[in-house]
Amino acid sequence: FLKQIHSKGIKSFLLLDVSHHSFLYTMTSGRIGNHLPCLRIVLISIVSLSKLSHAFPSTPILTAGRQINAGAQPSLKDDYFRASFQTYAKNDGENDAKKLLDKVSQIRAEIAALEGKTVSEVEEEAKAKVAETTARREEAAVRRLEAKTTTIKPSNDGRFTPLPDNAGDQVLQAAAAVERAYRDGITRQTIRFALVPEGDAMSEVQEWPGGAQEMLREAARPLTEELLREVRAVATEGENGEKLKTTPGGIPPKVSTQDVWDFDGSAITTAQASSGPEGDVQALILANTDVKYTKDIKKIDEAMGERLFLLINPFWRNLDSWGINIMAPRAKSMAKEVIFDRGYPETYAVTRLSVRGETCAAVKAYPYDWQLFAYIEDEYWPGREIAIHLGSSVEEPSSVYFQELLNERPEFKMTKNMRQMQRMMKK
């Protein structure tokens, strides 16, 4: 069909979408522009831009998957759309524009009579469909642009926390969140890093065959030591005796780490501030529900006073993690008193999980909400994935909530395997 068009010297044509009364496709010099798929086969009308008076009245019309000759009896709506389209084809006098407009008005009136509507109602319906199509295209364009965005920058007030790209980004975000919380008087905090070894991508969920010892050696300890080198938290006394929490700059502290239980993969890191002991910070890494750690936390808490004390990636999620321990019947009640009643809120956390086969992630930085993301393949960089922002949540998001957000996004309508197959077929 296209070869026949070019053989007649036609360089351009317009394609009319019958279902929306609007021009949807254009073709210039044999190239088809971007378009959206339609639920119906559209009515094709050919207009020679070099001879604007020629409208090909005898050309067969393709509709609904079958060929209809121009001599067949079309419906009133077909006549209406064809006549409406012809009003766009101007010539040097051979076509009478006024007659075409009169014909459009007449058919419009007949459609209104058949459907029991006024002419203005028919016109409003057509305008509404055009507006709906335009809005849908604009929304799709915004989403495509969003999908191609490789770097998401936070807003000026910091309420939008971007997903960190690597371990170094996590450290900087965590340090800022810890200092904000400390200035607000929160001296006991919990930090949950995504345990990513230096050089690994955040989209890769690591496995730890060596257990907690490997986790400590490869990720938890390096992240904690870098965090304590960045954090500045000094407890001072004001003129009226009030306790002040400040985060001044200055020379980096001296950081050291010692194992608590080597076989358990736990350790404690201390940062000795150059300004004096009032700026010292301690962090307990990978503590678990053993009663020893509860006792250690109680001792450190009492010793640190108003200074900053952090729990880094503890293995518990809530009080129910303790369960029933006949060897230590008071372990749960002690944990409630020492940890949960004392208060160790999460001021920075990055969590990753797999939902519907997609790698998802969420980041929380005090005092802002959780920000939710999902990774998708980069169209322009094979083997690379970019993070798409899905939304936010006050509480830590569940996999069910992630799935709801994924289902709403056009980028994730197809599964990861289906997208990979589609790319292979394009090759």
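So, how was this worked out
- Residues numbered from 1 in each chain as written.
- Predicted model: local features only at pLDDT ≥ 70, side-chain atom pairs only at ≥ 80, totals over all residues.
- Heavy atoms only, no water.
- Core = buried A, V, L, I, M, F, W, Y, C linked by side-chain atoms within 4.5 Å.
- Buried < 20%, exposed > 50% of the residue type's maximum accessible area, 1.4 Å probe, protein only.
- Helix = DSSP H or I, 4+ residues; strand = E, 2+ residues; numbered from the N terminus.
- Phe/Tyr/Trp six-rings, centres within 6.5 Å; stacked < 30°, edge-to-face > 60°.
- Axes fitted to C-alpha atoms, helices over the stretch in contact; angles between N-to-C directions.
- Left-handed = near helix turned anticlockwise from the far one by under 90°.
- Contact = heavy atoms within 4.5 Å.
- Nonpolar A, V, L, I, M, F, W, Y, C, P; charged D, E, K, R; others polar.
- Polar contact = N/O pair within 3.5 Å; in protein donor to acceptor, adjacent residues only side chain to side chain.
- Salt bridge = Lys/Arg side-chain N within 4 Å of Asp/Glu carboxyl O.
- Patch = residues over 30% accessible without salt bridge, like charges linked within 9 Å, V, L, I, M, F, W, Y side chains within 5 Å.
- Areas by Shrake-Rupley, 256 points an atom, 1.4 Å probe, with all protein chains shown as cover.
- Pairing = 2+ DSSP bridges.

Engineer: An account of the nonpolar core is requested, with residue identities and associated values reported.
Structural biologist: Formed by 45 residues in total, the largest nonpolar core has its most connected members in Phe193, Leu227, Leu228, Leu308, Leu310, Ile312 and Tyr348. Breaking this core down by element, the ones donating at least two residues are helix 5 (167-183), helix 6 (211-230), strand 11 (267-272), strand 12 (281-285), strand 13 (308-312), strand 14 (346-355), strand 15 (358-365) and strand 16 (370-377). Ranked by residue count, the leading element in this core is helix 5, at eight residues. Counting 18 residues, the second largest nonpolar core, distinct from the first, contains Ile297, Leu311, Met334 and Ile339.

Engineer: Pulling in residues and values, what's your account of the packing of aromatic side chains?
Structural biologist: Applying the stated criterion across every chain yields a total of six aromatic pairs. Ring geometry for Phe309 and Tyr344: centres 6.1 Å apart, planes at 85°, overall edge-to-face. With Phe309 in strand 13 and Tyr344 in the loop between helix 8 (331-340) and strand 14, the pair connects residues that are 35 residues apart, well separated along the chain. Given a relative accessible area of 0%, Phe309 falls into the buried group. Centroid distance Trp322 to Phe340: 5.8 Å. Interplanar angle 80°. Geometry classified as edge-to-face.

Engineer: Go over the packing of helix 7 (residues 291-304) against helix 8 with me, naming the residues and quoting the values.
Structural biologist: The geometry of a pair of packed helices is captured by two quantities: the angle between their axes and the separation between those axes. Direction vectors running N to C along helix 7 and helix 8 enclose 30°, while the axes themselves pass 10 Å from each other. In the crossing of helix 7 with helix 8, the sense of the turn from one axis to the other is left-handed. Residues Val291, Thr294, Lys295, Ile297 and Lys298 of helix 7 form the contact with helix 8, whose own contacting residues are Met334, Ala335, Val338 and Ile339. Its residues placed into classes, the contact of helix 7 with helix 8 shows six nonpolar, one polar and two charged.

Engineer: I'd like to hear about the side chain of Thr257, residue by residue, with values.
Structural biologist: Looking at the element boundaries, Thr257 is found in strand 10 (residues 254-259). Looking at Thr257, the relative accessible area reads 18%, which means it is buried. At a separation of 2.7 Å, a polar atom in the side chain of Thr257 contacts the side chain of Glu225. Within polar-contact distance, the side chain of Thr257 engages the side chain of Thr269 at 2.9 Å. Thr257 has contacts with Arg221, Glu225, Ala267, Ile268 and Thr269, leaving out every residue within four places of it along the chain.

Engineer: Residue-level account of the pattern of salt bridges, with values.
Structural biologist: Inspection of the entire model under this criterion finds 17 salt bridges. A salt bridge links Arg317 to Glu396, with the shortest nitrogen-to-oxygen separation between them at 3.0 Å. Highlighted residues: Arg317 in the loop between strand 13 and helix 8 and Glu396 in the loop between strand 17 (385-393) and helix 9 (399-408), separated in sequence by 79 residues. On the basis of relative accessibility, which here comes to 47%, the residue Arg317 falls in the partly exposed class.

Engineer: Which residues make up a nonpolar patch on the surface, and what values go with them?
Structural biologist: On the surface, a nonpolar cluster with roughly 480 Å² of combined accessible area is contributed by Ile324, Ile326 and Met327. Inspection of the secondary structure assignment puts Ile324 in the loop between strand 13 and helix 8.

Engineer: Go over the environment of Gln420 with me, naming the residues and quoting the values.
Structural biologist: Along the chain, Gln420 falls in helix 10 (residues 416-426). Classification of Gln420 as partly exposed rests on a relative accessible area of 32%. A sequence separation of 43 residues divides Gln420 from Glu377, and the C-alpha atoms of the two residues are 9.0 Å apart.

Engineer: How would you sum up the sheet that holds strand 15? Please name residues and give values.
Structural biologist: Think of a sheet as strands paired side by side through backbone hydrogen bonds, with each pair either parallel or antiparallel. Strand order in the open sheet formed by nine strands is 10-11-12-13-7-14-15-16-17, with mixed pairing between adjacent strands. Because the sheet does not close on itself, it has two edges, and the strands there are strand 10 and strand 17. Looking at each pair of strands side by side, their axes are set apart by 20° on average, direction ignored. Examined bridge by bridge, strand 7 (residues 188-192) and strand 13 share four bridges and lie parallel to one another. Residue pairing for strand 13: Gln189 is matched across the bridge by Leu310. Seen against the sheet, helix 9 touches strand 14, strand 15, strand 16 and strand 17 and runs at an angle of roughly 65° to strand 14. Taken strand by strand, helix 10 contacts strand 15, strand 16 and strand 17, and its axis lies near 35° from that of strand 16.

Engineer: Let's hear about unusual backbone geometry: which residues, and what values?
Structural biologist: Trans peptide bonds make up the majority, and among non-glycine residues the majority have a negative phi. Cis geometry is found at the peptide bond from Tyr366 to Pro367, where omega equals 0°. With respect to the secondary-structure elements, Pro367 resides in the loop between strand 15 and strand 16. In the Ramachandran plot, Leu286 falls in the positive-phi region, its phi being about 55° despite a non-glycine side chain. Structurally, Leu286 can be placed in the loop between strand 12 and helix 7. For Leu286, a relative accessible area of 1% translates into the label buried.

Engineer: Account for the side chain of Asn313, naming residues and giving values.
Structural biologist: Here Asn313 is to be found in the loop between strand 13 and helix 8. Asn313 gets classed as buried once you look at its relative accessible area, which sits at 11%. Of note is the side chain of Asn313, whose polar atom sits 2.9 Å from the backbone nitrogen of Phe193. Once residues lying within four places of it in the same chain are set aside, the contact partners of Asn313 are Ile191, Arg192, Phe193, Leu195 and Leu286.

Engineer: If you had to explain the pairing of strand 16 to someone new, which residues and values would you point to?
Structural biologist: Across the eight residues that make up strand 16, a large majority, eight, are buried. Covered by surrounding structure in strand 16 are Trp370, Leu372, Ala374 and Ile376 together with Gln371, Phe373, Tyr375 and Glu377, the residues of both alternating faces. As judged from the four bridges shared by strand 15 and strand 16, these two strands associate in the antiparallel manner. Bridge pairing in strand 16 places Val363 opposite Gln371. Between the antiparallel neighbours strand 15 and strand 16 lie four residues. In this sheet, strand 17 lies alongside strand 16 in antiparallel orientation, the contact comprising eight bridges.

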